[in-house]
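Close look at the chain arrangement
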Amino acid sequence: MSDLFEKARMVRENAYAPYSKFKVGAAIRTVNGLEFVGCNVENAAYPEGICAEAGAIGMMIAAGENKIEEICIVADSPDPVAPCGGCRQKISEFSTPTTSVVLSNLNGERIRRTIKELLPDSFGPKDLSMK
Ligand code: THU
């Protein structure tokens, strides 16, 4: 896990967040042991911004992986940063109920949750009668 934290911390430095000044980094390890990172990318048209988790998920999917074992999210927040609602949904799409989500901050404080704890009773592929 410390490895994922370090990768998320490092990619966070590349975040493009001139509007919010709130840089976020995310690192994913898949069940096959591959790792992917992402950072938030904001836009002058504010709603067009991309969250760090979404960036990391995009890299994972582009590489042909789709099962998250663990994702670590880091920001310079007083408390370990919690993923936004949209990112909980995006993580959930590629998780099992026990997938680990590690919330962290630059002080090194960490909280480990399962995606089910962060998004209980989630809407998902099952609701569309898909596997
Ligand atoms: N942000 C993320 O990248 N991930 C989250 O889960 C929460 C919010 C970004 C979006 C925006 O660029 C900045 O943090 C402030 O909301």
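For the structure itself, look to the data block above.
Heads up: these notes are all about the structure in this document. For clarity, every value in this text was computed on a predicted model and none was experimentally measured.

1. Details of the overall build of the chain
The helix and strand tally for the chain stands at 4 helices and 5 strands. In the chain, the order of α-helices and β-strands from amino to carboxyl end is α-β-β-α-β-α-β-β-α. In terms of overall size, the chain behaves like a compact globule, its C-alpha atoms giving a radius of gyration of 14 Å where 131 residues would be expected to give roughly 14 Å. Its C-alpha atoms give the chain principal-axis dimensions of about 40 × 35 × 30 Å. Of all 131 residues assigned to the chain, the portion counted as buried reaches 39%. The long-range fraction of contacts in the chain, counting pairs at least 24 apart against all pairs at least 6 apart in sequence, stands at 60%. Summing over all exposed atoms, the chain offers an accessible surface of approximately 7300 Å²; the carbon and sulfur share of this is 55%.

2. Points about the sheet that holds strand S5 (residues 110-114)
Hydrogen bonds between backbone groups are what pair the strands of a sheet, and the pairing can be parallel or antiparallel. Spatially, the 5 strands line up as an open sheet ordered S2-S1-S3-S4-S5, and their pairing is mixed. Each edge of the sheet is formed by a strand with only one pairing partner; in this case those strands are strand S2 (35-39) and S5. Strand-to-strand twist in this sheet, taken as the mean axis angle between neighbours without regard to direction, amounts to 15 degrees. For strand S1 (residues 24-30) and strand S3 (residues 68-75), the ladder comprises 7 bridges, and the chain directions are antiparallel. Looking across to S3, one finds that Val 24 is bridged to Ala 75.

3. A word on the site of the ligand
Taken together, Ser 20, Phe 22, Val 24, Asn 40, Glu 42, Cys 51, Ala 52, Glu 53, Pro 83 and Cys 84 make up the full set of residues adjacent to the ligand. Here an oxygen atom of the ligand and a side-chain polar atom of Asn 40 are 2.9 Å apart. Here an oxygen atom of the ligand sits 2.9 Å away from a polar atom, N or O, in the main chain of Cys 84. When isolated, the ligand has an accessible area of 370 Å², and the protein chains bury 76% of it. Comparing atom positions with the cavity grids shows the ligand to sit within the second largest pocket. Here the residues of the shell around the ligand sort into 6 nonpolar, 2 polar and 2 charged.

4. Structural notes on the pairing of strand S4 (residues 100-105)
Buried residues dominate S4, accounting for 6 of its 6 residues. Burial along S4 is two-sided: the residues Ser 100, Val 102 and Ser 104 and Val 101, Leu 103 and Asn 105 are all buried. With 6 bridges joining them, S3 and S4 adopt parallel strand pairing. Paired with Glu 70 across the two strands is Ser 100, which belongs to S4. Crossover handedness for the path S3 to helix H3 (residues 85-93) to S4: right-handed. Two strands pair when backbone bridges link them, and S4 and S5 are joined in this way by 5 bridges, in the antiparallel orientation. Note on S5: the bridge partner recorded for Leu 103 is Ile 111. A loop of 4 residues connects S4 with S5, the two strands running antiparallel in sequence, and Gly 108 in this loop sits at a positive phi of about 90 degrees.

Quick notes on the rules
Numbering of residues starts from 1 in each chain and follows the order in which that chain's sequence is written. Only residues with pLDDT of at least 70 get local features here, since the model is predicted, and only at 80 or more are side-chain atom pairs given and counted; chain-wide, interface and lining totals rely on the full set of residues. Calculated side-chain values reflect all of the structure's heavy atoms, with hydrogen atoms and water omitted. Under the DSSP-based scheme used, a helix requires at least four consecutive residues in state H or I and a strand at least two consecutive residues in state E, with every element numbered from the N terminus. The size measure is the radius of gyration over C-alpha atoms, and the globule rule it meets is 2.2 Å times the number of residues to the 0.38 power. Working definition: with a 1.4 Å probe on protein chains only, accessible area under 20% of the residue-type maximum means buried, over 50% means exposed, and in between means partly exposed. The contact definition used throughout considers only heavy atoms, calling two residues in contact when any of these lie within 4.5 Å. Method for areas: the Shrake-Rupley scheme with a 1.4 Å probe, in which residue coverage is limited to the protein chains shown. Note on pairing: DSSP must find at least two bridges between two strands before they are called paired. Orientation is described by axes fitted as lines to C-alpha atoms, over the contacting stretch for helices, and by angles from 0 to 180 degrees between their N-to-C directions. Being near a molecule or strand, for a residue, comes down to having at least one heavy atom within 4 Å of it. Here a polar contact is taken to be a pair of N or O atoms separated by no more than 3.5 Å, where protein atoms must pair a possible hydrogen donor with a possible acceptor and residues adjacent in sequence count only if both atoms sit in side chains. Method remark: on a 1 Å grid restricted to protein atoms, a set of points is classed as a cavity if a 1.4 Å probe fits but cannot get out and as a pocket if it is open with protein on both sides within 12 Å along at least five of seven lines; lining residues have an atom within 4 Å of a point. To be counted as sitting in a cavity or pocket, a molecule needs more than half of its atoms within 2 Å of that site's grid points. Charged means Asp, Glu, Lys or Arg here, nonpolar means Ala, Val, Leu, Ile, Met, Phe, Trp, Tyr, Cys or Pro, and polar covers whatever is left, Gly included. For the handedness criterion, the strands are oriented away from the viewer, and a crossover whose path from the first strand over the helix to the second runs clockwise is classed as right-handed.

Purely geometric stuff here, so don't read any function into it on its own.
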